[in-house]
Amino acid sequence: MTRPLVADINLHALRHNFALIQALNPSGSTLAVLKADAYGHGALPAAQALADLAPAFAVASLEEAQALRQQGITHPILLLEGFFSADELPIIAEQGYWLMIHSQWQVEALTAYQAQIQQPTAWTLWIKVDSGMHRLGFAPQHLPSILAKLEKLAPQSMLLASHCARADELDHPLTQQQISCMQELAHQTGLPVSLANSAASLAWPAARFTWQRPGIALYGMSPFTGPQPEADQLQPVMTLRSALIAIQDYPAGSQIGYGGRGVLPEGGRVGVVACGYGDGYPRQAVEGTPVLVNGQRCPLIGRVSMDMLMVNLSHLPQAQVGDQVELWGARLPAQEVARYCDTISYTLLTGLLPRVPRRYLNPAQA
Ligand SMILES: *Cc1c(COP(=O)(O)O)cnc(C)c1O
């Protein structure tokens, strides 16, 4: 016997989601974003499950890339923020990692490194342009001078990249402005373009360009708050499961848990679930946050504690200790739970802590 909390990872769903996004742009390519341990799903199992479908992967740091390499992943891996310090460059060159170049200081460091080693390196450079996100990247008017400097390194290939700030808002004009900006730059430079994150891939066909970079959609979460035809075909990859470990009946007026936040004016049954903020379930979850008990929605009651949370079972008189609980996943979308926690599905998935065992359902088994 062991604590019943487990995150089931359905690798078949991961493959389905990748194929769905790739099919949106058959003439282009799609890389799989595996940063933050594949959004909490496990970067290595995710990479292995996608190895024959995805031509490349993307992560946020050299450490994340190296972890995949050392465990046998031979694909090209894009470093989404490039390098943080010039001393990473020898390993990057040796492993052939693809580099996002977003700042002048990186251009200078790369140029200095190339001069010092005095031998050509087959760099693959993704040049980040700020088309409206205003986070990383060169202003479009500075691009010609940056390209002139990078061309001196005789890179193996160059590509223009940018990032959408509001593609999840289906009628916001910024996305079309960002698309137009990148179309214009592609025309001027003749370089291929990568713009689309999940929301842009799903809902903005003109944003798909040469390389799509989906993250959250691979894991089956819709980036949108309402229905969207493509996103509605995604399958959740992670299901966070636990069980009821205790049930108690309380009299009218009882206050449940820390601070007495949960109140039972008429009394009722309360179940205790083995899952808390020490596992990554958000403490911000408000009263009434949905939890599935035996497939039925029950409202969270009281504050989430470190190892446990409570649910109001008043309408489930048959519920018993040991009954199945789903915190989010196949039947309860994480993005819905996230709304009760004043956050987004991304933080629930990436916030799942290491003490929660991951149990993998292989594509063949699914
Ligand atoms: C994380 C990330 C993505 C993936 O974003 P999603 O919204 O999860 O699809 C794409 N591009 C860059 C540069 C990123 O950092």
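Residues numbered from 1 in each chain as written. Predicted model: local features only at pLDDT ≥ 70, side-chain atom pairs only at ≥ 80, totals over all residues. Heavy atoms only, no water.

1. Points about the site of the ligand
The ligand sits among Lys-35, Tyr-39, Leu-80, His-163, Asn-197, Ser-198, Arg-213, Pro-214, Gly-215, Ile-216 and Tyr-346. For the ligand, an oxygen atom lies 2.7 Å from a polar atom in the side chain of Lys-35. Within the contact set of the ligand, an oxygen atom lies 2.9 Å away from a backbone nitrogen or oxygen of Gly-215. Protein coverage of the free-state accessible area of the ligand, which is 380 Å², stands at 93%. Put simply, the ligand lies in the largest pocket. Counted by class, the shell around the ligand contains 5 nonpolar, 4 polar and 2 charged residues. (Near = heavy atom within 4 Å. Polar contact = N/O pair within 3.5 Å; in protein donor to acceptor, adjacent residues only side chain to side chain. Areas by Shrake-Rupley, 256 points an atom, 1.4 Å probe, with all protein chains shown as cover. 1 Å grid on protein atoms, 1.4 Å probe; cavity = no way out; pocket = protein on both sides within 12 Å on 5 of 7 lines; lining within 4 Å. Sits in = over half its atoms within 2 Å of the grid points. Nonpolar A, V, L, I, M, F, W, Y, C, P; charged D, E, K, R; others polar.)

2. Structural notes on the packing of helix α6 (residues 104-117) against helix α7 (residues 143-151)
At their nearest, the axes of α6 and α7 sit 10 Å apart, and the two run at 15 degrees to each other. By the angle class used here, α6 and α7 are roughly parallel. The two elements α6 and α7 cross, and the hand of that crossing is left-handed. Residue-level contacts link Gln-104, Val-107 and Leu-110 of α6 to Ile-146, Lys-149 and Leu-150 of α7. (Axes fitted to C-alpha atoms, helices over the stretch in contact; angles between N-to-C directions. Helix = DSSP H or I, 4+ residues; strand = E, 2+ residues; numbered from the N terminus. Parallel < 35°, antiparallel > 145°, perpendicular 65-115°, else oblique. Left-handed = near helix turned anticlockwise from the far one by under 90°. Contact = heavy atoms within 4.5 Å.)

3. Thoughts on the UniProt feature "modified residue: N6-(pyridoxal phosphate)lysine" (unreviewed entry) in the protein chain
Taking the UniProt record as the reference, the feature "modified residue: N6-(pyridoxal phosphate)lysine" (unreviewed entry) is found at Lys-35. Within the secondary structure layout, Lys-35 lies in helix α2 (residues 35-39). (UniProt positions renumbered as here; feature names shortened; annotations may be inferred.)

4. Things to note about helix α8 (residues 173-189)
With 17 residues, α8 should reach 24 Å at 1.5 Å per residue; the first-to-last C-alpha distance of 25 Å fits that figure. Taken together, the buried residues of α8 touch α7, β8 (157-161) and β9 (193-194). Gly-190 sits one or two positions beyond α8 and adopts a positive phi of about 75 degrees. (Expected span 1.5 Å × (residues − 1).)

5. Digging into the environment of Ala-196
Relative to the elements of secondary structure, Ala-196 occurs in the loop between β9 and α9 (198-203). Take Ala-196: its relative accessible area is 0%, and that puts it in the buried class. It is 6.8 Å that separates the C-alpha atoms of Ala-196 and His-163, two residues lying 33 residues apart in sequence. When near neighbours in sequence (up to four residues on either side) are disregarded, Ala-196 contacts Ser-201, Ala-207, Arg-208, Gln-212, Arg-213 and Pro-214. (Buried < 20%, exposed > 50% of the residue type's maximum accessible area, 1.4 Å probe, protein only.)

6. Overview of the layout of surface pockets
Counted as a void, the largest pocket has a volume near 750 Å³. In this structure, the largest pocket is lined by 36 residues; those nearest its centre are Tyr-39, His-163, Asn-197, Ile-216 and Tyr-346. Every element with two or more residues in the lining of the largest pocket is listed here: α2, α9, α10 (334-340) and α11 (345-350). Across the lining of the largest pocket, the residue classes break down as 18 nonpolar, 10 polar and 8 charged. (Points joined across faces, edges and corners; volume = space filled by probe spheres on them.)

7. Observations concerning the domain arrangement of the protein chain
According to the domain assignment, the protein chain consists of domain 1 (11-233) and domain 2 (238-365). For the pair domain 1 and domain 2, the summed buried surface comes to about 1300 Å²; carbon and sulfur atoms form 63% of the total. The largest share of the area that domain 1 buries against domain 2 comes from Leu-11, His-41 and Met-221, three residues that together contribute 38% of it. At the surface where domain 1 touches domain 2, the tally comes to 0 salt bridges. At the surface where domain 1 touches domain 2, the tally comes to 3 residue pairs in polar contact (both at pLDDT 80 or more). Of all the secondary-structure elements, those providing two or more residues to the side of domain 1 that touches domain 2 are α1 (11-24) and α2. With 3 residues, α1 is the largest single contributor of residues to the side of domain 1 that touches domain 2. Residues belonging to the side of domain 1 that touches domain 2 are distributed by class as follows: 8 nonpolar, 6 polar and 1 charged. (Domains from an automatic or database assignment. Buried area = accessible area lost by both parts, 1.4 Å probe. Salt bridge = Lys/Arg side-chain N within 4 Å of Asp/Glu carboxyl O.)

8. Overview of the environment of Trp-204
Topologically, Trp-204 is positioned in the loop between α9 and β10 (211-212). Through-space distance from the C-alpha of Trp-204 to that of Leu-170 is 8.4 Å; in sequence the pair is 34 residues apart. Apart from the residues lying within four places of it in its own chain, the contact partners of Trp-204 are Ala-167, Glu-169, Leu-170, His-172, Thr-175, Gln-176, Ile-179 and Ala-199. Within the structure, Trp-204 has its side chain in polar contact with the backbone oxygen of Ala-167 (distance 3.0 Å).

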